Amino acid sequence: IDGKAMRGTDGRSVVGAVGQPSQRTYAIVPMQKNESEIIAVRSLLAQTEFTGRLLTLDALHTQHETVHQILYDQGADYLVPLRDNQPGLVKNAQTLLPEGFPPQEATAQPELYRVAQTEEIQNERLEKRTLIVREITPSQMDLAGAAQLGLVIRERIEKGKTTLSVHYMVTS
């Protein structure tokens, strides 16, 4: 589920729900000029059947009311990133799974963590990705239905320069 500005429309936007990998469009809700995307997404959720599906949304929608609506009104699950718009959730994530957590330590504790790693070379660029996942409870995260916390570490090496990025996500 994502919002998109429409070109050539004086700032009008829509919120849409598109299935993956089928690209099937489940719903499109037009947004009023200056309407909050958060409100439009909640309207889309209220109008569309998503029972049993996994909904991915951007960080703007990592909101208590929105995930509650997904879980309890829709009977669906969510996967949302954690960003600075929810500092309390980010702090909880950093406590439960610190940014500097070594993947080797996670691999050595398979009862607590799951680890997946990929390495890709493309156009003289090496990109290594590590995903560390741990089970959590909603009270640990302070987010309705939170069941797993993920830490994505991406290392990109291009022309001798290394760039490291770290991102958190939570799923029900």
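Described below are features of the structure shown in this document.

Conventions and cut-offs
Residues numbered from 1 in each chain as written. Predicted model: local features only at pLDDT ≥ 70, side-chain atom pairs only at ≥ 80, totals over all residues. Heavy atoms only, no water. Pairing = 2+ DSSP bridges. Helix = DSSP H or I, 4+ residues; strand = E, 2+ residues; numbered from the N terminus. Axes fitted to C-alpha atoms, helices over the stretch in contact; angles between N-to-C directions. Contact = heavy atoms within 4.5 Å. Core = buried A, V, L, I, M, F, W, Y, C linked by side-chain atoms within 4.5 Å. Buried < 20%, exposed > 50% of the residue type's maximum accessible area, 1.4 Å probe, protein only. Polar contact = N/O pair within 3.5 Å; in protein donor to acceptor, adjacent residues only side chain to side chain. Salt bridge = Lys/Arg side-chain N within 4 Å of Asp/Glu carboxyl O.

### Structural notes on the sheet that holds strand 6 (residues 113–122)
Here six strands make up an open sheet; going across it, the order is 4-5-9-8-7-6 and the pairing mixed. In this open sheet, the two edge strands, each paired with only one partner strand, are strand 4 (54–56) and strand 6. Each neighbouring strand pair of the sheet contributes to a mean axis angle of 20°, computed without reference to strand direction. Here strand 5 (residues 77–82) runs beside strand 9 (residues 161–171); their pairing, made up of four bridges, is antiparallel. Opposite V80, over in strand 9, you have V170 as the bridge partner. Here helix 3 (residues 87–96) sits on the sheet and contacts strand 5, strand 7 (125–135), strand 8 (148–158) and strand 9; the angle it forms with strand 5, its principal contact strand, is near 90°.

### Some thoughts on the nonpolar core
If you look at the biggest cluster of nonpolar residues, it comprises 38 residues, and the most contacted ones within it are I1, Y78, L82, M141, L149 and V170. Of all elements in the fold, only strand 2 (13–18), strand 3 (25–31), helix 1 (37–47), helix 2 (64–73), strand 5, helix 3, strand 8 and strand 9 reach the threshold of two or more residues within this core. With residues near it in sequence (within four places) discarded, V170 still touches Y78, L79, V80, L82, I136, M141, L143, A146 and Q148.

### Quick look at helix 2
Listed in full, the buried residues belonging to helix 2 are T66, V67, Q69, I70 and L71. Buried residues along helix 2 sit in contact with helix 1, strand 4 and strand 5. Where helix 2 terminates, the next one or two residues include G75, which has phi positive at roughly 70°.

### Some remarks on the environment of Q94
Counting through the fold element by element, Q94 comes out in helix 3. Given a relative accessible area of 34%, Q94 falls into the partly exposed group. C-alpha of Q94 to C-alpha of V170: the two residues are 76 residues apart in sequence and 12 Å apart in space. Among residues more than four places away in sequence, those in contact with Q94 are E99 and Y168. Within the structure, Q94 has its side chain in polar contact with the side chain of E99 (distance 3.1 Å).

### Details of the pattern of salt bridges
On inspection of all chains with the given rule, the structure shows eight salt bridges. Salt-bridge contacts for R125 lead to E127; the nearest nitrogen and oxygen are separated by 3.9 Å. By relative accessible area, which is 4% here, E127 ends up buried. The partner of E127 in a salt bridge is R154, with the nearest N and O atoms 3.5 Å apart. Taken together, the residues span a long stretch of sequence, with E127 in strand 7 and R154 in strand 8 at a distance of 27 residues. The partly exposed category is assigned to R154, whose relative accessible area is 31%. A cluster of three or more residues bridged by salt bridges with shared partners is formed by E120, R125, E127, R129, R154 and R156.

Purely geometric numbers; function is a separate question.
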